[in-house]
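Summary of structural features
Given next are the chains, with one letter for each unit.
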Amino acid sequence: MTYNISEADAANELMRLAREIARHDKLYHAQDNPEITDQEYDALVRRNAELEALFPHLVREDSPSKKVGHAIAASPLSKVSHEVRMMSLDNAFNREEVEEWVARMRRFLSLSADEPVAITAEDKIDGLSCALRYEGGKLVQAATRGDGQVGEDVTPNVQHIADIPQQLSGSNLPDVFEVRGEVYMSKQDFTALNAAQHEAGGKLFANPRNAAAGSLRQKDASVTAKRPLKFWAYGWGAASELPKASQHDMMRMIESWGFPVSPFLTVTDDVDAMIAHYEEIGRQRPDLGYDIDGVVYKIDRLDFQQRLGFVAKAPRWALAHKFPAERAETTLEAIDIQVGRTGKLTPVGRLAPVMVGGVTVTNVTLHNRDEIERLGVRPGDRIVVQRAGDVIPQVVENLTRETKRNPYVFPNACPECDSEAVAEDGEVDVRCTGGLICPAQRTQRLEHFVSRKALDIEGLGSKTIAQFFELGWLESPVDIFRLKDRREDILALEGWQDKSVDNLLASVEAKRAPDAARLLFGLGIRHVGEVTARDLLKNFHALSAIREAAQSARDGDEDAAGSITSIDGIGPSVIAALGDFFHEEHNVAVWEDLLSELSPPRYEVETLDSPVAGKTVVFTGKLETMSRDEAKAQAERLGAKASGSVSAKTDLLVAGPGAGSKLKKAQDLGVETWNEERWAKMVADVG
């Protein structure tokens, strides 16, 4: 996987993806009204994950990789806190990614090449996740997943689902056991329901999953009772005990208690068997009576699952292998150029509308000048588009490439301000050189400055910013904090009232002592994304210190440059971007003007209460009781930062047998050193 994308553009795209995915999460989980198919959603998440893998220091606090579902808002149902968080699943889309996942599990568990690892496989039904809590074998509570931490109480509703027993039968019943599974609707029942809805003039559901979700999440359980809902179990949550030692055996026990489970549930022992089962399920998929979108693999041994643990939103020990998306043929009618906040010229293909995976596609990104040349696309070409892979939708083939017609000429001038548009050395992206004189960049930079992850100023949406910009009231971010002098002018505009103006000005005034990292991020400096801004402030604590270090580094001060590059994930490109920013007189003028209006407090970070919280820890040598990945995961859970190299910033080195140069460097620097046994004891003591 390779991408020709700069760090700044990656940061911008990650910001866009976070917002877009969050919006779709809300539509899907909270409103049961998605605008896109599962394949398109998966591809957006996949693109986000790939960019985060390329730029790990750009991972955002609101990253989709850290979230499950969506917070519940304005629901008529009461809320339920999950005792054990309901997680999502990481995805794979091809054999290579499945092989890498299996290999990663082996490395994490320090398994030898010939040691077998059993993995369960079952089809992934497309329904609504539900947790059923049983005490003494009796159903006492049912809840939707929600955001993973808090769901909705649907206990009265599930009493009308025949597949869900009110009282468990069988042996070995734990005192407390939470069965987790999917509430779904069969294809046949969905068709009949929509026909009845149409006949009655009611709302039609987009697909069986939406119908199931809308039917279950009813305040009036009698409505749910009239809907043909089904359930099958895929796992468990809180449990007073686990009678079996493997995933497969636990699922068979849950089945014996009265729950349907996947008819495809099996245990495999290698990748070939996993892929064969995946392909067999795929062959049967069209004939199944319910919708599925992939196959789920899980490490079978529960002690292995416990060791593997979880990442931000998913268990390490499980993986969803998704089915490929659909393709369709259409005509590329035009190529438009959009100018982004950083001046990047992005070509967008306008398509003759075409249905792909149940959704009408009218636009497709063409990425950059080189991608257009690679595809050889021109307006009028017949193309194949798909809704999967790294960007959705994407052009996968030009069917009329050989047709004689003049090639598309990428513009060498900005369509917004007519400034020269060029590509920097080593980059494929063409950018407008107009900077602050380019309307597209100026307004979008202002939008970025007030965005939720920057200054988060409510009331200044894109339309308001554009209006104020056209009136000459907003030329620079600092002008936002001088809007108080234009109260009467704003009131004179159509649509503004005393309350709305006062609310806007109050929101602005509330940000006069902003978080320093948000302010730095909001300036839109190339290569300084949200995470990089925080990392810089964690080390320098004050904006003035960052400016001083950046200017000194640009002037050739190696110590100043080292003070920046010693921060994990920050390299020469950040130093160059900061140096260039503070070298430009108009940028310094904006900076100083802002700080004449704002007073950001010193940046400090809270740490967890553990002996290593807030410290930088390095592991070296061969660890004998755990893998390196497992040790790093432990450090991060305890609030420490796991680094791969020893420096003056290192607080603790954990050394196993065979430790070499890192141990020597740590000793030379006077870094505290522990052996693996001492580390393990500390982890156990903390719990």
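In case you missed it, the structure is sitting above this.
Residues numbered from 1 in each chain as written. Predicted model: local features only at pLDDT ≥ 70, side-chain atom pairs only at ≥ 80, totals over all residues. Heavy atoms only, no water.

1. A few points about the overall build of the protein chain
- Each helix and strand in the protein chain was counted, giving 24 helices and 22 strands.
- Relative to the globule expectation of 26 Å for 687 residues, the C-alpha radius of gyration of the protein chain, 28 Å, shows essentially globular dimensions.
- Along the three orthogonal principal directions, the C-alpha set of the protein chain runs to about 75 × 70 × 60 Å.
- Relative to its full complement of 687 residues, the protein chain shows a buried share of 53%.
- Once local pairs closer than 6 in sequence are excluded, the contacts in the protein chain between residues at least 24 apart make up 69%.
- For the protein chain, the accessible area works out to roughly 31300 Å², and carbon and sulfur atoms hold 47% of it.
- For the protein chain, the distance from the average position of its 82 positive side-chain charges to the average position of its 108 negative side-chain charges is 2 Å. (Helix = DSSP H or I, 4+ residues; strand = E, 2+ residues; numbered from the N terminus. Rg over C-alpha atoms; globule rule 2.2 N^0.38 Å. Buried < 20%, exposed > 50% of the residue type's maximum accessible area, 1.4 Å probe, protein only. Contact = heavy atoms within 4.5 Å. Areas by Shrake-Rupley, 256 points an atom, 1.4 Å probe, with all protein chains shown as cover. Lys, Arg positive; Asp, Glu negative; His and termini not counted. Charge placed at Lys NZ, Arg CZ, Asp CG, Glu CD.)

2. Considerations on the pattern of salt bridges
- In this structure the tally under the stated criterion is 41 salt bridges.
- One salt bridge in this structure joins Arg-46 and Glu-97, with 2.7 Å as the shortest N-O distance. Taken together, the residues span a long stretch of sequence, with Arg-46 in helix 2 (residues 38–54) and Glu-97 in helix 3 (residues 95–109) at a distance of 51 residues.
- Glu-97 sits in the partly exposed class, given a relative accessible area of 24%.
- One salt bridge in this structure joins Arg-301 and Asp-303, with 2.6 Å as the shortest N-O distance.
- Under the relative-accessibility criterion, Arg-301 is labelled partly exposed at 39%.
- Relative accessible area serves as the criterion here: at 38%, Asp-303 is assigned to the partly exposed category.
- Through salt bridges with shared partners, a single ionic network connects Arg-482, Glu-509, Arg-512, Asp-593 and Glu-597. (Salt bridge = Lys/Arg side-chain N within 4 Å of Asp/Glu carboxyl O.)

3. Concerning the sheet that holds strand 4 (residues 128–135)
- Strand order in the open sheet formed by 4 strands is 5-4-7-8, and the pairing between neighbours is antiparallel. Lying at the two open borders of the sheet, with one neighbouring strand each, are strand 5 (138–144) and strand 8 (230–239). In this sheet, neighbouring strand axes are inclined to one another by 30° on average, regardless of whether the strands run parallel or antiparallel.
- Examined bridge by bridge, strand 4 and strand 7 (residues 176–184) share 8 bridges and lie antiparallel to one another. Residue pairing for strand 7: Tyr-134 is matched across the bridge by Phe-177. (Pairing = 2+ DSSP bridges. Axes fitted to C-alpha atoms, helices over the stretch in contact; angles between N-to-C directions.)

4. A look at the packing of aromatic side chains
- Considering all chains together, one arrives at 14 aromatic pairs under this definition.
- With 5.1 Å between their ring centres and 90° between their planes, Phe-581 and Phe-582 make a pair best called edge-to-face.
- Using a relative accessible area of 11% as the deciding quantity, one classes Phe-581 as buried.
- For Phe-582, a relative accessible area of 4% corresponds to the buried category.
- Among the aromatic side chains, those forming a connected cluster through ring pairs are Tyr-134, Phe-231 and Phe-259. (Phe/Tyr/Trp six-rings, centres within 6.5 Å; stacked < 30°, edge-to-face > 60°.)

5. Details of empty space enclosed by the protein
- The final tally for this structure, using the stated rule, is 3 cavities of 30 Å³ or more.
- By volume, the second largest cavity is sized at about 40 Å³.
- What lines the second largest cavity is simply Leu-519, Leu-523, Leu-543, Trp-591, Leu-594 and Leu-595.
- Of all the elements, helix 21 (residues 585–597) adds the most residues to the lining of the second largest cavity, at 3 residues.
- In terms of residue class, the lining of the second largest cavity is made up of 6 nonpolar, no polar and no charged. (1 Å grid on protein atoms, 1.4 Å probe; cavity = no way out; pocket = protein on both sides within 12 Å on 5 of 7 lines; lining within 4 Å. Points joined across faces, edges and corners; volume = space filled by probe spheres on them. Nonpolar A, V, L, I, M, F, W, Y, C, P; charged D, E, K, R; others polar.)

6. Re the environment of Glu-122
- For Glu-122, the location among the structural elements is in strand 3 (residues 119–125).
- A residue is classified by how much of its surface remains accessible, and Glu-122, at 3% relative accessible area, is buried.
- Sequence-wise, Glu-122 and Ser-256 are 134 residues apart; in three dimensions their C-alpha atoms are separated by 18 Å.
- Not counting residues within four places of it along the chain, the set of residues in contact with Glu-122 comprises Tyr-234, Ser-262, Phe-264, Leu-265, Ile-281, Gly-294, Val-295, Val-296 and Lys-298.

7. Quick look at the side chain of Arg-534
- Relative to the assigned elements, Arg-534 resides in helix 17 (residues 530–540).
- Excluding residues that lie within four positions of it along the chain, Arg-534 makes contacts with Val-59, Glu-61, Ala-517 and Tyr-603.

8. Examining the sheet that holds strand 10 (residues 292–299)
- The 5 strands lie next to each other as 2-11-10-3-9, forming an open sheet whose pairing is mixed. Of all the strands in the sheet, the pair left with one neighbour each is strand 2 (91–92) and strand 9 (266–268).
- Strand direction decides the pairing type here: strand 3 and strand 9, joined by 3 bridges, are antiparallel. Directly across from Ala-121, in strand 9, lies its bridge partner Thr-266.
- Relative to the sheet, helix 9 (residues 271–284) contacts strand 3, strand 9, strand 10 and strand 11 (318–322), its axis offset from that of strand 10 by approximately 155°.

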